[in-house]
Amino acid sequence: MTTLKLGRCFSRTAPSLARCITTGSTTGQDYGVGSSRRTAPSLARCITTGSTTGQDYGVGSSRSLQLDNPRIMITGSLGQLGQGLAKVLRNKYGRDNVIMSDIVKAPKHIHDMGPYLFADILDFKNLQEIIVNEGVDWMFHFSALLSAIGEHDVPLAIKVNIQGLHNVMELAKMYSLKLFIPSTIGAFGPESPKNPTPDFTIQRPKTIYGVAKVHAELLGEYYYHRFGVDFRSLRLPGVISGDTVPGGGTTDYACSIFDHALTQPDPFQCYLRPDTRLPMIYIDDCLRAIVEMMEVPAADLRMRTYNIAGLSFTPQELTEEVKRYIPNLEVSYRPDGRQEIADSWPQVFDDTNARNDWGWAHRYDMDKLVDIMFQVVTQRLGIRPMHKGSASAGR
């Protein structure tokens, strides 16, 4: 099989923008199947005819359906979920079987952890070459602009969150990949029931991020029924983690408050009202849910997309819990444009189907969440561990 050259696989995105979005190119060129001019003729014929058998592709055969040690690729892997998922998957399936990818230069510790490649989700041939040359069987597609950032650059969000999705979906069809694409609480809108929000209900999101996620859910369902693509998705609550910098989501206050409480003497400014209730989940629960769902036999899944829930709380409730560690923490509430987004989202997720179909169960309640966040954040910041009722470390 003729291999494609890597010479054209360089990001054309400005460095500052690339650092912000940790995902693909903005030029919008060469996304489609028809742009594979330099592909070997036999492969090109399979591509243009939309073959789904996996024949003539070599590594991309149906062997990916049942594998003890699948070859796994994670797009957008330098974000909040990607780094943690890579660690979990490498512990389970082997260091060299999990390929992290993104469009920015990764720090040394990322390279030391295992394989890392440049992957521009807007460059169809770049992704195709990685899948073929690396023998990818599973793909976790995390590249996306989050809710708040996407509203500031809608054209870019459409390119990254929708056109990039189309590339990934088509490649999953061509190479028989098992494909996971996360969805979100943002896939619902103000017309949806809020407490609780079931799996099946009206979905009319009011952000381009939410619109793109509904599109991903429906397109994944279509590719599953039409082409047999093993598409899986979870609607994730706000994900709380302490070892990466928040990436521009509406629920990021629940991460930022811990850093601020430990390092800043001035009041923490929360951009949501104190009574804004939203579904949340600690990252360890979130990553476990993703891996568990990917490992469930297809026959046991009654749906392709499930809600999962951890806990739901308001900024005021979280503040009271944080003050168990930092009693003199002060918070001021200054709602901004993110308040309108949050008001359109669910308050409590109904994840009954996930619990019944594949045994999902969260482990972190509010007490455990706050305890582990202070452990992780103090370790990252290099300050002494905190205990309930401590005075004001670093303040």
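Residues numbered from 1 in each chain as written. Predicted model: local features only at pLDDT ≥ 70, side-chain atom pairs only at ≥ 80, totals over all residues. Heavy atoms only, no water.

> How do you make sense of the pattern of salt bridges when you look at a structure like this?
For side chains bearing opposite charge, pairing can occur when the charged atoms are close. As enumerated under the stated definition, the model contains 22 salt bridges in all. With its nearest N and O atoms 2.9 Å apart, the salt bridge here joins Glu217 to Arg235. Here Glu217 is found in helix α8 (residues 208–227), whereas its partner Arg235 is found in strand β7 (residues 230–236), with 18 residues between them in sequence. Classification of Arg235 as buried rests on a relative accessible area of 4%. Each of Glu321, Arg324, Asp367 and Asp371 takes part in salt bridges that share partners, so that together they form one network. (Salt bridge = Lys/Arg side-chain N within 4 Å of Asp/Glu carboxyl O. Helix = DSSP H or I, 4+ residues; strand = E, 2+ residues; numbered from the N terminus. Buried < 20%, exposed > 50% of the residue type's maximum accessible area, 1.4 Å probe, protein only.)

> Is there a simple way to explain the nonpolar core in this structure?
Nonpolar side chains in soluble globular proteins tend to end up buried together. In this structure, Phe140, Leu234, Tyr253, Phe313, Leu318 and Trp358 are the most contacted members of the largest nonpolar core, which totals 78 residues. Leaving out residues up to four positions away in the same chain, Leu234 has contacts with Phe180, Ile181, Pro182, Ser183, Thr184, Ala289, Ile290, Met293, Tyr306, Ile308 and Trp358. Counting residues in hydrophobic clusters, the runner-up holds 32 residues, among them Ala119, Leu127, Ile130 and Leu219. (Core = buried A, V, L, I, M, F, W, Y, C linked by side-chain atoms within 4.5 Å. Contact = heavy atoms within 4.5 Å.)

> Got a minute to help me understand the pairing of strand β1 (residues 72–75) in this structure?
Neither face of β1 is exposed, since Ile72 and Ile74 on one face and Met73 and Thr75 on the opposite face are all buried. Relative to strand β2 (residues 98–102), β1 is paired through three bridges, and the arrangement is parallel. If you follow Ile74 over to β2, its bridge partner there is Met100. As a crossover connection, the stretch from β1 through helix α3 (residues 80–93) into β2 is right-handed. Bridge analysis of β1 against strand β4 (residues 138–141) gives four bridges, and the strand direction is parallel. Opposite Ile72, over in β4, you have Trp138 as the bridge partner. (Pairing = 2+ DSSP bridges. Right-handed = clockwise from strand over helix to strand, strands pointing away.)

> Got a minute to help me understand the packing of helix α11 (residues 315–322) against helix α14 (residues 366–381) in this structure?
Two elements in contact, α11 and α14, have axes separated by 10 Å at closest approach and are oriented at 60°. Judged by the inter-axis angle, α11 sits oblique to α14. Helix-helix and strand crossings are classified by hand; for α11 and α14 the assignment is right-handed. Of the residues in α14, those touching α11 at Glu317, Leu318, Glu321 and Val322 are Met366, Asp367, Val370 and Phe374. Considered class by class, the residues forming the contact of α11 with α14 number five nonpolar, no polar and three charged. (Axes fitted to C-alpha atoms, helices over the stretch in contact; angles between N-to-C directions. Parallel < 35°, antiparallel > 145°, perpendicular 65-115°, else oblique. Left-handed = near helix turned anticlockwise from the far one by under 90°. Nonpolar A, V, L, I, M, F, W, Y, C, P; charged D, E, K, R; others polar.)

> What am I meant to see in helix α9 (residues 253–263) here?
Structural remark: α-helix, 3.6 residues per turn; residues separated by three or four positions point the same way. Counting buried positions along α9 yields eight of eleven residues, so the element is predominantly enclosed. Buried within α9 we find Tyr253, Ala254, Cys255, Ile257, Phe258, His260, Ala261 and Leu262.

> Can you help me understand the environment of Ala309 in this one?
Among the secondary structure elements, Ala309 is positioned in the loop between β11 (305–307) and β12 (311–313). Residues Ala309 and Val348 lie 39 residues apart in sequence; the distance between their C-alpha atoms is 7.9 Å. Those residues in contact with Ala309 that sit more than four places away from it in its chain are Pro237, Phe349, Asp351, Arg355, Trp360 and His362.

> Can you help me understand the pairing of β2 in this one?
Look at any regular strand and the pattern is simple: side chains alternate between the two faces of the sheet. Within β2, five of the five residues are buried, which leaves the element mostly enclosed by the surrounding structure. Of the strand pairs in this sheet, β2 and strand β3 (residues 116–118) are connected by three bridges, and their pairing is parallel. Bridge assignment links Met100 to a residue of β3, and that residue is Tyr116. With respect to chirality, the unit in which β2 leads through helix α4 (residues 108–113) into the neighbouring parallel β3 is right-handed.

> I'm lost on the packing of aromatic side chains in this one. Help?
What the rule picks out here adds up to 14 aromatic pairs. Judged by centre distance (5.9 Å) and plane angle (75°), the rings of Phe188 and Phe349 are edge-to-face. Of this pair, Phe188 sits in the loop between β6 (183–184) and α8 while Phe349 sits in the loop between α12 (337–343) and α13 (352–358), and the two are 161 residues apart along the sequence. Relative accessible area serves as the criterion here: at 0%, Phe188 is assigned to the buried category. When the ring of Tyr282 is compared with that of Tyr364, the centres are 4.7 Å apart and the planes differ by 50°; the resulting orientation is tilted. (Phe/Tyr/Trp six-rings, centres within 6.5 Å; stacked < 30°, edge-to-face > 60°.)

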